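For reference, the chains in residue letters:
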Amino acid sequence: MRAVTVYRLDDSSNFSYHTRHPIGSVLELRMHERGNNYKDLLRLARKLFALDTADAEHVLIDVGQGRQAYIPGLTRNCSAG
């Protein structure tokens, strides 16, 4: 399972400088790499985080971060029985 951070691109009045603001994350549950993993994650991120269809082009994910493993921490003690 991998967590990929979702960003919103803030293109202010200065066109030469864009700022990425993290707005959430999506989890990739696929165990094997496929040809369209990035495209499917981007489609899911835009579906979840875009305010409207015009805002969808400002939602993006980090390609390099999608390759890192995400290991969730324990939420409760499972050894007590």
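Keep in mind it's a predicted model, so treat the numbers as computed, not measured.

K.L.:
It is not clear to me how the environment of Met-1 should be interpreted in this structure. Could you clarify?
P.N.:
Examined against the element boundaries, Met-1 turns out to sit in the segment before strand E1 (2-10). Given a relative accessible area of 40%, Met-1 falls into the partly exposed group. Note: C-alpha distance between Met-1 and Leu-29 (28 residues apart in sequence) is 5.0 Å.

K.L.:
Can you help me understand the pattern of salt bridges in this one?
P.N.:
Under the defined criterion, the tally for this structure stands at two salt bridges. When the shortest N-O distance is used, the salt bridge between Asp-55 and Arg-8 registers 3.0 Å. Placement of the pair is Asp-55 in the loop between helix H1 (37-49) and strand E3 (59-61) and Arg-8 in strand E1, with a sequence separation of 47 residues. According to the relative accessible area criterion, Asp-55 is buried, its value standing at 11%. Using a relative accessible area of 21% as the deciding quantity, one classes Arg-8 as partly exposed. Note that Asp-40 is salt-bridged to Arg-43, the shortest N-O span being 3.1 Å. Here the residue Asp-40 and the residue Arg-43 both occupy positions in helix H1, the gap between them amounting to three residues, near one helical turn. Accessibility expressed as a relative area gives 51% for Arg-43, which makes it exposed.

K.L.:
Help me out: how do you make sense of the sheet that holds E3 in this one?
P.N.:
Picture the strands of a sheet paired through backbone hydrogen bonds; they go either parallel or antiparallel. In spatial order, the strands read E2-E1-E3; together these three strands make up an open sheet with antiparallel pairing. In the strand order of this sheet, the two ends are held by strand E2 (19-28) and E3, each with one partner. Going from strand to strand, the sheet's axes swing by 35° on average, the running direction of each strand aside. Where E1 meets E2, nine bridges bridge the pair, whose relative direction is antiparallel. Each bridged residue has a counterpart across the sheet, and for Tyr-7 the counterpart in E2 is Pro-22. Set on the sheet, H1 makes contact with E1, E2 and E3; between it and E2 the angle comes to about 110°.

Procedures and definitions
Throughout this document, residue positions are counted from 1 along each chain, in the order its sequence is written. With the structure being a predicted model, the display of local features is reserved for residues of pLDDT at least 70 and the display and counting of side-chain atom pairs for 80 or more, all residues being used for whole-chain, interface and lining totals. Only hydrogens and water are set aside when side-chain values are computed; all heavy atoms of the structure are taken into account. Starting at the N terminus, helices and strands are each numbered in turn, a helix being any DSSP run of H or I of at least four residues and a strand any DSSP run of E of at least two. The cut-offs for exposure are 20% and 50% of the maximum accessible area for each residue type, with area from a 1.4 Å probe on protein chains only; residues under the lower value are buried, those over the upper are exposed, and the others partly exposed. When a carboxyl oxygen of Asp or Glu is within 4 Å of a side-chain nitrogen of Lys or Arg, the pair counts as a salt bridge. At least two bridges found by DSSP between two strands is the condition for calling them paired. Helix axes use the C-alpha atoms of the stretch in contact, all axes being lines fitted to C-alpha atoms, and the angles between their N-to-C directions lie in the range 0 to 180 degrees. We call two residues in contact whenever any of their non-hydrogen atoms come within 4.5 Å of each other.

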